[in-house]
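Structural characterization, general
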Amino acid sequence: LFGSAHAADMTVGFSQIGSESGWRAAETTLTKQQAEKRGIDLKFADAQQKQENQIKAVRSFIAQGVDAILIAPVVATGWDEVLTEAKDAKIPVVLLDRTVDAPKDLYLTAVTSDLVHEGNVAGKWLVDTVAGKPCNVVELQGTTGSSPAIDRKKGFEQALKGHDNLKIVRSQTGDFTRTKGKEVMESFLKAEGGGKNICALYAHNDDMAVGAIQAIKEAGLKPGKDILVVSIDAVPDIFQAMAAGEANATVELTPNMAGPAFDALAAYKKDGKEPPKWIQTESKLYTQKDDPKAVYEQKKGLGY
Amino acid sequence: MASSAVLTATGIVKTFPGARALDGVDFELRRGEVHALLGENGAGKSTLIKCLTGAYRRDGGRVELDGVPIDPRDPLDAQKLGIGTVYQEVNLLPNLSVAENLFLGRQPRRFGLVAPGEMNRRARALLAGYDMDIDVSAPLASYSVAVQQVIAIARAVDLSGKVLILDEPTASLDAQEVRMLFRIVRDLQAKGLGIVFITHFFEQVYAISDRITVLRNGRLVGTRETAQLPRKDLVTMMLGHELHATEKAADTHVENAGPVRYAFHGLGKTGKIKPFDLEIRQGEVVGMAGLLGSGRTETAELLFGVETADSGTCEREGERLSLASPRAAIARGFGFCPEDRKVDGIIGDLSVRENIALALQARRGWMRPLSRKEQDALADRYIKALDIRTTDREKPIRLLSGGNQQKAILARWLATNPEFLILDEPTRGIDVGAHAEIIRLIESLCAQGMSLLVISSELDELVAYSHRVIVLRDREHVAELVGGDVTTENIVEAIAGQDRRRAS
Amino acid sequence: MSGAKALGWRLLPQIVALVAILLLIWLSFPGFFTVEMQNGRLYGSLIDVMNRGAPVALLAVGMTLVIATRGIDLSVGAVMAICGAVAASSSVRGDPLVVTLAMSLGIGLLCGLWNGVLVAFLNIQPIVATLVLMVAGRGIAQLITEGAILTFNDPGLIFIGSGSVFGLPMPVVLWLVFGIAVALIVRRTALGLMIEATGVNRRAAMLSGIQAPAFLMSAYMLSGLCAALAGLVVTADIRGADANNAGLWLELDAILAVVVGGNSLLGGRFSIIASLIGAMIIQSVNTGILLSGFPPEFNLIIKAAIIVLILLIQSPRMSHLAAFAKPAGPAAPAVGMQKDKTIERTAP
Amino acid sequence: MNAKTLPLYATLVIFVVAFALCAFQYPSMLSTRVIGNLLTDNAFLGIAAVGMTFVILSGGIDLSIGSVIAFTGVFLAVVLERTSIHPLFAFVLALAIATAFGAVMGAIIHFLEMPPFIVTLAGMFLARGMAFVLSIDSIPIRHPFYATLKSLYWVMPGGGRLTLIGGAMLVVFALGILIAQRTRFGTNVYALGGGAHTAALMGVPVGRTTIGIYALSGFVAGLSGIAYSLYTSAGYSLATVGVELDAIAAVVIGGTLLTGGAGFVGGTLIGVLIQGLIQTYITFDGTLSSWWTKILIGGLLFAFILLQKGILSLSRGGRALSVKGA
Ligand SMILES: Nc1ncnc2c1ncn2[C@@H]1O[C@H](COP(=O)(O)OP(=O)(O)OP(=O)(O)O)[C@@H](O)[C@H]1O
Ligand SMILES: Nc1ncnc2c1ncn2[C@@H]1O[C@H](COP(=O)(O)OP(=O)(O)OP(=O)(O)O)[C@@H](O)[C@H]1O
Ligand SMILES: [Mg+2]
Ligand SMILES: [Mg+2]
């Protein structure tokens, strides 16, 4: 690799939110792999879901004088101060999988997907699939207040706008977890006449979808047929479900944010070339047509 | 003026779930008089007090202070009105320092901030009046029941502007402290305060009180001039009938104690008690006398394995025992009825039944439970035998009156049928009737071959039932009186020794 | 007063609260009580309540005893995660079911042992002692699953989560049987008495010959075992061990269940049955919220409001009134007590 | 140095030793910068922990502080975003609300005789819920006054900054110590911890004190919320989840008995710093995976407690049955 030569002997601090989901674990693994591949010395700090810990981490990275800092921000706000400190210390900062609302000059670039767009893609797929037929949708939200939950909801609703045949009849939080996904889906099924008036499920992440699929099966319905299932993240297990015809579609959120980030850093270090402020990762839509089995095989090694 | 009432209560009623503790009780306290409030355990004395001081809200009746109707919402109100109280059971805070306990709520302040130096100075001054010279900045818990009692009294006296109420203040005091207390009471009396005095010691009643009010089962029996009320009549008033030939169980000494059952050699623990030898025969009562803090409780705790001795051995009929823990001791047929009922004795939230069955159950192990029937039978037997006053055996023991709690703990140990029973102040806070019963009990137990070690501050009581009396001074066994030598005088002699401790 | 009657009085506030909640839900969601048979399995919201309430109910059993000893166990959530992870990994490794279960339950006991030693022998305050495992435990669980969701498909293990016996979901059977079994053991032996005594006044209990440490240990170990069972249930339920989220913050719900069950956090008197009802109360609230269809941002407010309501129903003030309602025995026995008595020695 | 203050000194010694060890492994940890960060990053926790200390000393517990902090942050953000009122006034409002919130919980605990654990747990749900209702989204605070407040800091020799909130924490602790040790209210708090019933018999105004304690805890939580919103210049309804546990841990590590009645506010400061130290150490290490991080935190926590126990039992020949029923 070209950039890697220069990236080598670089020390990079990485402040990770924590480890709350399989996807997060995969991101961490991939980041470490990418760093290794480029001979980068990666300093890793797990923030246990706490912004203050992330700020602490960044501060101590600065104190240790690393060459660059990666942050996967737990929340969009509240970064101005510490980012300024980094800037003063002339340490470039790259944001992963979420932007922050701080002045753009405070960080080098942000490697993220567009959360709203993800929701939008999922919504579009559903609109096209039901093709004008009336359809009651139930929604499994992510953790209340978390930006993925908010934006993926927004995007999905945008996509549904103007298609009055689709309406969201129930929407509850499943905290991004399988257990809650299953529990909430059970109550949806009860509340909507045993599921007979539900035609589709939209889950803010695959884990909740996987849980919900089990609930649907235990209610004696066929997920994927009686109730369409579309979700986001593209973790391996959802592809198994797709292969079994129990899930219909998922939108990929790549866990490999670090790769592009390191490349950008390398280029920047090499000849001060400013990357674009936003490196958007692709939000690819997978359906049962895309040979889910194969995708599962290639993904299951990535530490999801 | 001197004879006019300072505090009058009329028709006081107090009902607890399942028990009417007070039933239309009248009570009048005059200026400058010491008024003894007497009655059996559970008669309602403490409850009446608590109703007067707002610790309980009364359900009926009126209370007047200097002719003005009062209704203290809580003890704080009462304090503000000039009523100082020592409640039964030392009611101070173990985690606060002695000084803080003395001045809680009225600490001296400088610039709005509490001034500890000043507070400690005053505390020391205050306690000096009670011949007590202790570190007032140390937490209260580091002192014995006795010291705590004295501190509680000092606090109440300091608080009382018009009325001082003392609920069994002398229960854990020895003669010397009692004398000192009476001196102070007389001063206050002279100052025109009204003083309510609850006790089960008749000597003290006749020594200090001007009038006597007697309660029985929550009802007023009557109020008399102490001078016009012979002991015999007083007893009858309290019990509702005469006390059959009990108290003079005294000089009936059973000289023929059996062979040596337990032998302790050089048992001791540095800082607690100097090494001592002790032999206890079958069917023998060994009394233990000494001033407060002389180390009697420590001795007992050492024998029972509460404190692990750092020197000495223990033999039972020749075979070595290791008394590493109370459990081990109990397994060897020991029993120990502790002095500090509240902290070491009762399991407050558990019922009377469970408290009585506890030690026996513990020895049987949890796998072999006493059936509910057995427990009930056990409880009922001792409730009857020791005449424990409770509405039913399922009542939480903390709701029992002080004396009745004491009886329940005694029952707990009798139920285990021990070979060697250690009693630390067994008659503390127990009424005349029960007192006589317990003395008889002790005698009948040893007649049946049980060995007893009895710690008591009541010397005539010790004399009454002890074959031998060990005398302690300053954490050392200093003398042993046997047979005919066991007399009050000799004990006092021995306790005093050459140098009188804490001479006043 | 007979034991049964006493129990009735004891459970009254909890039962009232539970009924009240159920009715409340029923008003907002008429179909709530309908339960039908569906492919050999009872099916309905009421069943969901009992099913989803299983983990907290199981935890509550152990937590009740721990709290009775004047302690608290914050680690149960983490222990659930560990035991779930252990079970999943062993199942993935292809061990036979018995081995899987034995390992997972064994680990649970081990965790309890650890807590017990810290509390009983090192005399560390329970809340911090168990805080250690609460923090480290989740790490250990994640170490086992490496942060991913470890999925398995051993039908036997899955059965624990979604199987059913006599139409009742397995988890329900588990907590009912286990809970009642423990309740019986504790009350039919003297275990309960010993634990209560230790909790109310440890020193007095020791002076009466009770080996308090042993009983402390047993309480924490039972709590560990319960956590293991709960861990198995949630893991089997989603056919995968989610070390990151399994049992997260569930310790709070368990404690809440015990207290809603009317047990004092200051130790002493306890009732396992009451705690189980408490667990059901809490789960009814959660399920009710889901069924009500409010937007999620209101969940917590509703929950808070209902909890306050429940506690109002069973606040000591109310029970005072209940106490006065009880048939009152006569006051301290009146005149003329038998004065002639000599103690016959008890035969041990 | 008497038996009461022993745990305090024990904790202090442990902290100093631990810091020395860390500094030995990572010399750069000895910089005033790290120390400055230690104060700034833990300011909001420390401030809240002061309130928690009072609550625990009185034998109670307050699980609501984390949510109250978050609520205060969101409240400030919303108010400053949607209205034009001055932050100082907003601060006063927030503090008033938080204090009232605490007072109400105290009143419920006292008058309805409910266990604090549950009442404050409900409070925890309620406060977090109100934060959600105010705004699910996280809201940045761009008011210039915040900038000025942030610009107030004292540069220590060596480049470390003692920021406003860091200083505020120290001040709050100073005041806390003063209240606990030198006021009648303080003594009453200890009295309640020693036994509410006895305290009542001794004439302690139990009701007033209880309400006061939880009001104080609420006030301090509000203060901590302000500190946190200054720290992040934002309001976020999911912020500071589980801070109550950190606070409790800090208090107990600081040598306060959870059963109440014994302990010192000063100890809590050390407890907070110890936790901060653990965090800093971990970020300096930078090789730990997410799970090893957790395990290490737990391990270190255990080590500290054990050390404390050791020192205590060494310095006082622990009695055989030292557990006294309250
Ligand atoms: N809080 C309570 N609840 C229920 N019953 C109570 C309560 N307090 C006291 N009692 C009952 O009221 C009666 C009177 O108790 P009280 O403590 O006044 O007796 P007493 O005269 O002080 O006896 P003693 O001399 O042993 O102290 C007893 O039968 C006791 O069981
Ligand atoms: N009047 C006193 N002044 C100072 N310290 C005292 C006094 N009385 C007791 N103590 C202290 O209390 C502690 C233990 O007293 P303890 O009660 O065990 O002695 P005791 O002989 O058992 O007296 P009793 O059993 O009558 O209370 C000792 O440390 C002793 O120093
Ligand atoms: Mg009394
Ligand atoms: Mg003694």
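Residues numbered from 1 in each chain as written. Chains lettered and ligands numbered in written order. Predicted model: local features only at pLDDT ≥ 70, side-chain atom pairs only at ≥ 80, totals over all residues. Heavy atoms only, no water.

**Notes on the overall build of chain D**
Definition in use: Numbered from the N terminus, helices here are DSSP runs of H or I no shorter than four residues, and strands are runs of E no shorter than two. Two things to know: the radius of gyration comes from C-alpha atoms, and the globule rule equals 2.2 Å times the number of residues to the power 0.38. Only protein chains enter the accessibility calculation, which uses a 1.4 Å probe; a residue whose area is less than 20% of its type maximum is buried, one above 50% is exposed, and one in between is partly exposed. Any pair of residues with heavy atoms lying within 4.5 Å of one another is described as a contacting pair. Here the Shrake-Rupley method, with its probe set to 1.4 Å, supplies the accessible areas, and only the displayed protein chains count as covering residues. The charge count includes Lys and Arg as positive and Asp and Glu as negative, but it does not include His or the ends of the chains. One atom stands in for each charge, and that atom is NZ of Lys, CZ of Arg, CG of Asp or CD of Glu.
Within chain D one finds 14 helices and four strands. For 326 residues, the compact-globule estimate of 2.2 N^0.38 gives 20 Å, and the C-alpha radius of gyration of chain D, at 20 Å, lies within 12% of that figure. Each principal axis of the C-alpha atoms in chain D carries an extent, and together these give about 65 × 55 × 35 Å. Counting over 326 residues, chain D shows a buried share of 63%. Taking as baseline every contact in chain D between residues at least 6 positions apart, the subset at least 24 positions apart corresponds to 78%. Here chain D displays about 11,200 Å² of accessible surface, and carbon together with sulfur accounts for 74% of that area. Looking at chain D, you have 15 positive and 8 negative side-chain charges, and the mean spots of the two groups are 13 Å apart.

**Observations regarding the state of the cysteines**
Heads up, the condition is: Pairs of cysteine sulfur atoms within 2.5 Å are identified as disulfides in what follows.
Applying the stated criterion across every chain, the model contains one disulfide over all chains. Note that A:C135 is cross-linked by a disulfide to A:C199, the S-S spacing being 1.6 Å. In this structure, the disulfide formed by A:C135 and A:C199 twists by about -80° around the S-S bond and is classed as left-handed. Residue A:C135 is found in strand β6 (residues 135-141), and its partner A:C199 is found in the loop between α7 (178-191) and β8 (200-203); the two are separated by 64 residues along the sequence. Note on B:C337: no disulfide assigned, nearest cysteine sulfur contributed by B:C446 at a separation of 17 Å. On the basis of relative accessible area, B:C337 is assigned to the buried category, the value being 1%. Residue classification places B:C446 among the buried positions, given a relative accessible area of 5%.

**Looking at the coordination of the magnesium ion (ligand 4)**
Residues and elements named next belong to chain B. Stated formally: For Na, K and Ca the donor cut-off is 3.2 Å, while for other metals it is 2.8 Å, and in both cases only N, O and S atoms qualify; water is not among them, so sites may look incomplete.
Protein ligation of the magnesium ion (ligand 4) involves T297 (OG1), E339 (OE) and E339 (OE), the donor distances falling in the range 1.8 to 2.8 Å. Linking T297 in helix α9 (residues 296-303) with E339 in the loop between β18 (334-337) and α11 (341-345), this pair joins segments that are 42 residues apart in sequence. The exposure classification of T297 matches that of E339, with both residues buried.

**As for the side chain of B:N41**
Residue and element names in this part refer to chain B. Stated precisely, the cut-off is as follows: Definition of a polar contact: a pair of N or O atoms within 3.5 Å, with one able to donate and the other able to accept a hydrogen when the atoms are protein atoms, and with sequence-neighbouring residues admitted only if both atoms are side-chain atoms.
Tracing the backbone through its elements, the reader meets N41 in the loop between β3 (34-39) and α1 (45-53). On the basis of relative accessible area, N41 is assigned to the buried category, the value being 2%. Reaching out from N41, the side chain makes a polar contact with the side chain of H200 at a distance of 3.5 Å. A distance of 3.1 Å separates the side chain of N41 from the backbone oxygen of G429, its partner in a polar contact. With residues up to four places along the chain from it excluded, the contact list for N41 reads H200, R389, S401, G403, N404, K407, G429, I430, D431 and A434.

**Topic: the interface of chain C and chain A**
Rules: Buried area: the accessible area, evaluated with a 1.4 Å probe, that two parts lose upon being put together, summed over both parts. Criterion for a salt bridge: a side-chain nitrogen of Lys or Arg within 4 Å of a carboxyl oxygen of Asp or Glu. Here the nonpolar group is Ala, Val, Leu, Ile, Met, Phe, Trp, Tyr, Cys and Pro; Asp, Glu, Lys and Arg are the charged ones; every other residue, Gly included, is treated as polar.
Counting residues at the interface gives 31 residues for chain C and 30 residues for chain A. Approximately 2,600 Å² of surface area, both sides summed, lies buried where chain C meets chain A, with 49% of it carried by carbon and sulfur atoms. Linking chain C with chain A are three salt bridges. In this structure, C:R52 engages A:E186 in a salt bridge whose closest nitrogen and oxygen atoms are separated by 2.9 Å. Counting across the chain C and chain A interface gives 10 residue pairs in polar contact (both at pLDDT 80 or more). Counting only elements with at least two residues in the side of chain C that touches chain A, the list comes to β2 (41-43), α2 (45-52), β3 (149-151) and α13 (272-292) of chain C. A breakdown of the residues in the side of chain C that touches chain A according to their chemical character gives 10 nonpolar, 14 polar and seven charged.

**Section: the coordination of the magnesium ion (ligand 3)**
Residue and element names in this part refer to chain B. Donor atoms from the polypeptide that bind the magnesium ion (ligand 3) are S46 (OG) and Q88 (OE1), placed at 1.9 to 2.0 Å. Separated by 42 residues along the polypeptide, S46 in helix α1 and Q88 in the loop between β6 (83-86) and α3 (98-103) bring together distant segments of the chain. For Q88, a relative accessible area of 13% puts it in the buried group.

**What to know about the site of ligand 2**
All names here are of chain B. Our working definition: Any residue with a heavy atom lying within 4 Å of a molecule or strand is counted as near it. The split of the chain into domains comes from an automatic or database domain assignment.
Neighbouring ligand 2 are 16 residues, the closest being L292, R296, T297, E339 and R475. A distance of 2.8 Å separates an oxygen atom of ligand 2 from a polar atom in the side chain of E298. At 2.5 Å, a side-chain N or O of E339 approaches an oxygen atom of ligand 2. In the complex, the protein chains occlude 83% of the 610 Å² of accessible area that ligand 2 would expose alone. It is α9 that provides the largest number of residues to the shell around ligand 2, a total of three residues. Within the shell around ligand 2, the residues separate by chemical class into four nonpolar, five polar and seven charged. Mapped onto the domain boundaries, the shell around ligand 2 takes at least three residues apiece from domain 1 (2-95 + 139-239) and domain 2 (245-333 + 418-496).

**A few points about the interface of chain B and chain C**
Counting from both sides, the interface comprises 57 residues of chain B and, opposite them, 39 residues of chain C. Roughly 4,300 Å² of surface becomes buried between chain B and chain C when both sides are summed, with 61% attributable to carbon and sulfur atoms. Taken together, chain B and chain C are joined by three salt bridges. Taken together, chain B and chain C are joined by seven residue pairs in polar contact (both at pLDDT 80 or more). Sorting elements by how many residues they give to the side of chain B that touches chain C places helix α12 (residues 352-364) of chain B first, with six residues. Looking at the side of chain B that touches chain C residue by residue, the class counts come to 27 nonpolar, 14 polar and 16 charged.

**Some details on the site of ligand 1**
All names here are of chain B. Neighbouring ligand 1 are 20 residues, the closest being G42, K45, S46, T47 and G403. A distance of 2.9 Å separates an oxygen atom of ligand 1 from a polar atom in the backbone of G44. Residue K395 places a side-chain N or O atom 3.1 Å away from a nitrogen atom belonging to ligand 1. Bound to the protein, ligand 1 loses 92% of the 630 Å² it would expose on its own. Contributing elements (two or more residues each) for the shell around ligand 1: α1 and α14 (402-415). If you tally residues by element for the shell around ligand 1, the top one is α1, at three residues. Here the shell around ligand 1 is composed, by residue class, of six nonpolar, 10 polar and four charged. Shared between two domains, the shell around ligand 1 holds at least three residues of each, these being domain 1 (2-95 + 139-239) and domain 3 (354-416).

**Thoughts on the sheet that holds strand β4 (residues 93-96) of chain A**
All names here are of chain A. Quick reminder of the rule: The pairing criterion is simple: DSSP has to find at least two bridges between the two strands. Helix axes are fitted to C-alpha atoms over the stretch in contact, other axes to C-alpha atoms as well, and angles between N-to-C directions run from 0 to 180 degrees.
If you trace the six strands from one edge of the open sheet to the other, you get β2-β1-β3-β4-β5-β11, paired in parallel fashion. Both edges of this open sheet fall to β2 (41-46) and β11 (278-280), since each of them pairs with a single strand only. Across the sheet, the mean angle separating the axes of adjacent strands is 20° when strand polarity is ignored.

**Overview of a nonpolar patch on the surface**
For clarity, the threshold we go by: Distance thresholds for patches are 9 Å for like charges and 5 Å for nonpolar side chains (Val, Leu, Ile, Met, Phe, Trp, Tyr), applied to residues having over 30% relative accessible area and no salt bridge.
On the surface, C:I15, C:V19, C:L23, C:W26, C:L27 and C:F33 cluster together into a nonpolar patch covering about 550 Å² of accessible area. Relative to the assigned elements, C:V19 resides in helix α1 (residues 3-28).

**Notes on the pairing of strand β7 (residues 166-173) of chain A**
Where β6(A) and β7(A) come together, seven bridges link them in parallel fashion. Directly across from A:E139, in β7(A), lies its bridge partner A:S171.

**Comments concerning the pattern of salt bridges**
All names here are of chain B. In this structure the tally under the stated criterion is 72 salt bridges over all chains. Of the charged contacts, one joins D23 and R20 as a salt bridge, the two residues approaching to 3.4 Å between their closest N and O atoms. Judged by relative accessible area, which is 39%, R20 ranks as partly exposed. Between R73 and D77 there is a salt bridge, with the nearest N and O atoms lying 3.1 Å from each other. Using a relative accessible area of 55% as the deciding quantity, one classes R73 as exposed. If you follow the salt bridges from partner to partner, you end up with R353, R372, D376, D380, R393 and E394 in one network.

**Digging into the pairing of strand β13 (residues 260-269) of chain B**
All names here are of chain B. Counting buried residues in β13 gives seven out of 10 residues, a clear majority hidden from the surface. The sheet contact formed by β13 and strand β14 (residues 273-281) spans six bridges and is antiparallel. The residue of β14 that forms the bridge with V260 is R281. Taken together, β13 and the strand that follows it, β14, pair antiparallel across an intervening segment of three residues, in which G271 is found at a positive phi of about 85°. Relative to strand β16 (residues 311-316), β13 runs antiparallel, the two sharing five bridges.

**Some details on the side chain of B:Q406**
All names here are of chain B. Following the sequence through the fold, Q406 ends up in helix α14. Within the structure, the side chain of Q406 is placed 3.3 Å from the backbone oxygen of P426, a separation counted as a polar contact. Among residues more than four places away in sequence, those in contact with Q406 are C337, R341, E425, P426, R428 and I430.

**What to know about the packing of helix α3 (residues 51-64) of chain A against helix α2 (residues 32-41) of chain D**
Here is the rule: Small angles under 35 degrees read as roughly parallel and large ones over 145 as roughly antiparallel, with 65 to 115 read as roughly perpendicular and the rest as oblique.
Where α3(A) meets α2(D), the axes come as close as 11 Å, and the angle between the chain directions of the two elements is 170°. Between α3(A) and α2(D), the interaxial angle falls into the category roughly antiparallel. Residues A:I55, A:K56, A:R59, A:I62 and A:A63 of α3(A) pack against D:R33, D:N37, D:T40 and D:D41 of α2(D). Residues that form the contact of α3(A) with α2(D) fall into these classes: three nonpolar, two polar and four charged.

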